[in-house]
Amino acid sequence: MQYYPHVVLVDDGAPSLAPLRVALTQTTELVVIEQIDHRSSLISLIESTQPDIIIMGFQRVPVSIIWQLVHIHSHTTNVLSLACLADPISDDVWGLLTVGVHGYLHIDDIPQGLLSGIEHIQRGGMWWSPSLVPLLQEWSSAQTGPHTLLPDPYELAIVNLIAQGQTNRQIARELSISERAIRFHLGQLYTRWGVQNRTQAVLFAKDHGWLDEDIENNSDRYHTY
C-alpha cells in the first residue's frame, strides 16, 4: 500500500490563500490530518499527531508561529515545513529562514508548485518558488535591512523565555543547551541590537514584534541579570 505524506495545515484565514486550501483538499497525494488556526497550539498538535510536513499559509507571518517553529525544529527534527506566502516581504521570509523552514511557495505557484516543493524538501533539499528567488537575491544584496537584526532561532527562544521571567539556568534546561551558550547568544544579540541588558533586549524585541503575543504585556516579569 502506497504511503502518502501526512500534513498539518496552519492557516491565518486570509482570503488570498484560498487556492492553497483548495489544492490540499483536492490532491490525492497528501493526507491532511489536521487544519488549525494560526492562534492554536502548533507544538502540542505536532507532538500528538506526528505529521511528516507542516504546511503554513500566511498573509503575514505571526510571531507566535515563529516562536513555536523554534521549538519544533529544535526538538522534532524529522518534521518538514513548507510556507506559502500570499504577499512575501523581507521580514517574513528572513524570519522563517532563521527558524529553518524547508520550503517557500508563492500563492501564484499553487497548485503546480505544491507537490513539487514537497517532493523536493522530502529529498533533503530546500524549495523556493521561482518568483521568490529574485526577491531573495534583492534582499540579500542589501547591506542593511530588517534581516540583519532578526534573531536566530536560539536568540528568539531565549528572549521569549526571558520575557516569561526565566533565568539563564531555567532557559538552558528548557532549550537543552548550556548556560555558557545562553550567555554567548545574549552577547551576540546585545552587540547587534545595541542593548546593554536583558530588559533592554526584551523591550527591543517587543518593539519589533518578535515576542510571543501571549507574553508581550508581562513587562513586570523582566529580569536585568
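Fair warning: this is a prediction, and the values are worked out from it, not measured in the lab.

Asks: Quick question: what am I supposed to make of unusual backbone geometry here?
Replies: A negative phi angle characterises most non-glycine residues, just as the trans form characterises most peptide bonds. Following Ile 110, the chain continues into Pro 111 via a peptide bond in cis, with omega recorded as 5 degrees. With respect to the secondary-structure elements, Pro 111 resides in the loop between strand S5 (103–106) and helix H5 (112–122).

Asks: How should I be thinking about helix H7 (residues 153–163) in this particular structure?
Replies: Three or four residues apart is the spacing at which side chains of an α-helix point the same way, because the helix has 3.6 residues per turn. The buried fraction of H7 is high, at nine of eleven residues. Taken together, the buried positions of H7 are Glu 155, Leu 156, Ala 157, Ile 158, Val 159, Asn 160, Leu 161, Ile 162 and Ala 163. Those residues of H7 that are buried lie in contact with helix H3 (63–75), helix H8 (168–175), helix H9 (179–193) and helix H10 (198–207). Looking one or two places after H7, you find Gly 165, whose phi comes out positive at around 95 degrees.

Asks: Whenever I open this one, the packing of aromatic side chains confuses me. Can you help?
Replies: Each aromatic ring pair is characterised by the separation of its centres together with the angle its planes make. If you walk through the whole model with that rule in mind, you get two aromatic pairs. Seen in terms of ring centroids, Tyr 104 and Trp 128 are 4.3 Å apart; in terms of plane orientation they differ by 15 degrees. Their pairing is stacked. Note that Tyr 104 is positioned in strand S5 and Trp 128 in strand S6 (residues 127–128), a separation of 24 residues in sequence. Residue Tyr 104 shares its accessibility class with Trp 128, and that shared class is buried. Judged by centre distance (4.7 Å) and plane angle (25 degrees), the ring pair of Trp 193 and Phe 204 falls under stacked. Residue Trp 193 is located in helix H9, and its partner Phe 204 is located in helix H10; the two are separated by eleven residues in the primary sequence. Take Trp 193: its relative accessible area is 7%, and that puts it in the buried class.

Calculation criteria
Residues numbered from 1 in each chain as written. Predicted model: local features only at pLDDT ≥ 70, side-chain atom pairs only at ≥ 80, totals over all residues. Heavy atoms only, no water. Helix = DSSP H or I, 4+ residues; strand = E, 2+ residues; numbered from the N terminus. Buried < 20%, exposed > 50% of the residue type's maximum accessible area, 1.4 Å probe, protein only. Contact = heavy atoms within 4.5 Å. Phe/Tyr/Trp six-rings, centres within 6.5 Å; stacked < 30°, edge-to-face > 60°.

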